[in-house]
Amino acid sequence: MILKSNLIFTLYTIYGILLKGISGQYPLVTNVTVTEGATANLTCRVEYNDNTSLQWSNPAQQTLFFGDKKALRDNRIELVRASWSELTISISDVSLSDEGMYTCSLFTMPVRTAKAYLTVLGVPEKPEIDGLTKPAIEGDHITLTCITQGSKPAADLRWFRNEKEVKGAKEVNASGKTFTVRSSLQLHVGRNDDGVAYTCRVDHVALTQAPQQATEVLEVHYAPQVEIIHSRAVPQEGQYLKLECVSKGNPSPDPVMWTKDGGELPDLDRMIVEGRELTFTSLNKTDNGTYRCEATNHLGTSSAEYVLYVYDVPTTPPPSTTPPLHPIPPDSTALLGTHASDPTVTGNRDPNAVGQHGTDHALIGGVVAVVVFVTLCLIIVLGRYLARHKGTYLTNEAKGADDAPDADTAIINAEGNHAHAEEKKEYFI
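Figured I'd write up the structure that's included with this text. What you see is a predicted model; the values in this text were computed from it and never measured.

Here the bond from Lys 134 into Pro 135 is cis, since omega is -10°, no more than 30 degrees from zero. Within the secondary structure layout, Pro 135 lies in the loop between strand 10 (128-130) and strand 11 (136-137). The peptide bond linking Lys 152 to Pro 153 adopts the cis configuration, its omega dihedral lying at 0°. Within the secondary structure, Pro 153 sits in the loop between strand 12 (141-151) and strand 13 (156-161). Located in the positive-phi region is Gln 61, a residue other than glycine, with phi close to 60°. By secondary structure assignment, the location of Gln 61 is in the loop between strand 3 (54-57) and strand 4 (63-66). By relative accessible area, Gln 61 is classed as exposed at 52%. In this structure, Asp 93 is a non-glycine residue whose phi angle is positive, near 50°. When you line up the elements, Asp 93 lands in the loop between strand 7 (86-91) and strand 8 (100-106).

Here is the structure:
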């Protein structure tokens, strides 16, 4: 029984060795992918070999190496390692024509082979951007076209506007083993495109370090746009004032032209023009008017206006907002009548309090002036009335003289009337 078990164990061991030998006699290879111009290493291994030779052949079934012996005269092909279990060769400066199926052969009876596919990636050329017009005019419609050739597989093209991706229209054409890729970008050019960088970037598996790309910066010409900036909100007499004409346009509209009320500047001693700035060294009332700034380039003209009104210098100084260093305590008698209206009592200073009291005083003064004027008018009328009727009475002599032909008769008539003197009365007004 023991002998039978030992025999079975021995048979299984021999069978396993035979199977291992048979399976280990098959060559093992792997597919290889390289970039055009790089170096490809092809390796063939066996787990068990009884000193049988290994051989590498190219897609045209030409022997490259038989063991450590070089069979094909190609300086790009070299031996890397040769032993009973491995044969490794290298192909430098790989081209697209090197792509294909390579065969490793183990010369047993029968010959056993394994195949490895060499893939060569075509590196896309640096892209070029066509269709750019320099300079472009605002409102134009232009088409930017990006082209790259020699990619394998076909490359992917992407557009960026100042690092922000925008979508283009892609087109792929085959050219032998490689591809030519185009991408178009439609633009309606505006002034906001002036100075914008448009970049076409190539993405491809062969570009391991950095993508290929091309960049074009747009130059857009557009008509000027003008704005006037002033240095003071409320200009007053004697002050300094600067007006700046801010003009945006391409080409730059230099110089700009300043006018006042449709004519030339009247006082160039006080009105100084430097570049785009108009400076008043000392304002006065004669400076009032409409000032116009005009900018022009070959695409058009633009202007802006500023109406200047010079205010009087205020005669009443504004109230101080800082409390006195040594405040005087308020009078208790004064507080009795002004507690509700005087801001100094409540502790809240009102900057407009002086102006408000000034308005009340002006109103009261106006009323008083009207009353005085009416009184004077009444006095004048009364005086004229009294002057007109002063001394309008009749004496006895005057009464006799009314009908007398001469002075003597008038006296006699007056003396004759003494009898009625008691009936005559004199009235004084």
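Past the structure itself, the notes keep going.
Once that is clear, we can look at the environment of Glu 277. Note that Glu 277 resides in strand 23 (residues 277-280). Contacts of Glu 277, omitting those with residues within four sequence positions, involve Lys 242, Leu 243, Glu 244, Trp 258 and Ile 272.

Scanning the entire structure with this criterion turns up 19 salt bridges. The residue Glu 216 makes a salt bridge to Lys 134 at a minimum N-O spacing of 3.6 Å. Taken together, the residues span a long stretch of sequence, with Glu 216 in strand 18 (residues 212-217) and Lys 134 in the loop between strand 10 and strand 11 at a distance of 82 residues. Residue class for Glu 216 comes out partly exposed when judged on its relative accessible area of 24%. With relative accessibility at 53%, the residue Lys 134 sits in the exposed group. Measuring nitrogen to oxygen at the nearest pair gives 3.8 Å for the salt bridge that ties Glu 277 to Lys 242. Of this pair, Glu 277 sits in strand 23 while Lys 242 sits in strand 20 (residues 241-250); the two residues are 35 residues apart in sequence, bridging distant segments of the chain. Connected through salt bridges with shared partners, the residues Arg 45, Arg 81 and Glu 86 form a single ionic network.

Per the stated rule, a full pass over the model turns up three aromatic pairs. Where Phe 66 meets Phe 107, the ring centres are 5.4 Å apart and the plane angle is 65°; that geometry is what we call edge-to-face. You can see Phe 66 sitting in strand 4 and its partner Phe 107 sitting in the loop between strand 8 and strand 9 (112-121), a full 41 residues away along the chain. Judged by its relative accessible area of 35%, Phe 66 is partly exposed. Ring plane angle 80° and centroid distance 4.9 Å describe the contact between Tyr 309 and Tyr 311, whose orientation is recorded as edge-to-face. On the accessibility criterion, Tyr 311 (39% relative accessible area) is partly exposed.

Further remarks concern the sheet that holds strand 22 (residues 271-274). Hydrogen bonds along the backbone pair up the strands of a sheet, which may run parallel or antiparallel. The five strands are arranged 11-19-20-23-22 in an open sheet whose pairing can be described as mixed. Each edge of the sheet is formed by a strand with only one pairing partner; in this case those strands are strand 11 and strand 22. Two strands pair when backbone bridges link them, and strand 20 and strand 23 are joined in this way by four bridges, in the antiparallel orientation. Note on strand 23: the bridge partner recorded for Lys 242 is Thr 279.

Another aspect to go through is the nonpolar core. Within the largest apolar cluster, 22 residues are counted, with the highest numbers of intra-cluster contacts made by Val 34, Leu 42, Leu 54, Trp 56, Ile 89, Tyr 102 and Leu 118. For this core, the secondary-structure elements that each account for two or more residues are strand 1 (32-35), strand 2 (40-45), strand 3, strand 4, strand 7, strand 8 and strand 9. Setting aside chain neighbours within four positions, we find Leu 54 in contact with Cys 44, Val 46, Phe 65, Phe 66, Gly 67, Ser 85, Glu 86, Leu 87, Cys 104, Ser 105 and Leu 106. Counting 20 residues, the second largest nonpolar core, distinct from the first, contains Ile 129, Trp 159, Leu 187 and Leu 207.

Another aspect to go through is a nonpolar patch on the surface. Together, Ile 364, Val 368, Val 372, Leu 376 and Ile 379 make up an exposed nonpolar region whose accessible area comes to about 460 Å². For Leu 376, the position within the fold is in helix 4 (residues 353-389).

This next bit is on the state of the cysteines. On inspection of all chains with the given rule, the structure shows three disulfides. The residue that forms a disulfide with Cys 44 is Cys 104, at a sulfur-sulfur distance of 1.8 Å. Looking along the S-S bond of the Cys 44-Cys 104 disulfide, the torsion reads about -80°, which is the left-handed sense. In this pair, Cys 44 sits in strand 2 while Cys 104 sits in strand 8, placing the two residues 60 residues apart along the sequence. Assigned by exposure class, Cys 44 and Cys 104 land together as buried. Disulfide pairing is shown between Cys 146 and Cys 200; the S-S distance is 1.8 Å. Its torsion about the S-S bond being -85°, the disulfide of Cys 146 and Cys 200 is classed as left-handed. Here the residue Cys 146 occupies a position in strand 12, and Cys 200 occupies one in strand 17 (residues 197-203), the gap between them amounting to 54 residues. Residue classification places Cys 200 among the buried residues on the basis of a relative accessible area of 0%. When the cysteines of the protein that form disulfides are numbered from the N-terminus onward, they connect as 1-2, 3-4, 5-6.

Calculation rules
Residues numbered from 1 in each chain as written. Predicted model: local features only at pLDDT ≥ 70, side-chain atom pairs only at ≥ 80, totals over all residues. Heavy atoms only, no water. Helix = DSSP H or I, 4+ residues; strand = E, 2+ residues; numbered from the N terminus. Buried < 20%, exposed > 50% of the residue type's maximum accessible area, 1.4 Å probe, protein only. Contact = heavy atoms within 4.5 Å. Salt bridge = Lys/Arg side-chain N within 4 Å of Asp/Glu carboxyl O. Phe/Tyr/Trp six-rings, centres within 6.5 Å; stacked < 30°, edge-to-face > 60°. Pairing = 2+ DSSP bridges. Core = buried A, V, L, I, M, F, W, Y, C linked by side-chain atoms within 4.5 Å. Patch = residues over 30% accessible without salt bridge, like charges linked within 9 Å, V, L, I, M, F, W, Y side chains within 5 Å. Areas by Shrake-Rupley, 256 points an atom, 1.4 Å probe, with all protein chains shown as cover. Disulfide = S-S within 2.5 Å.

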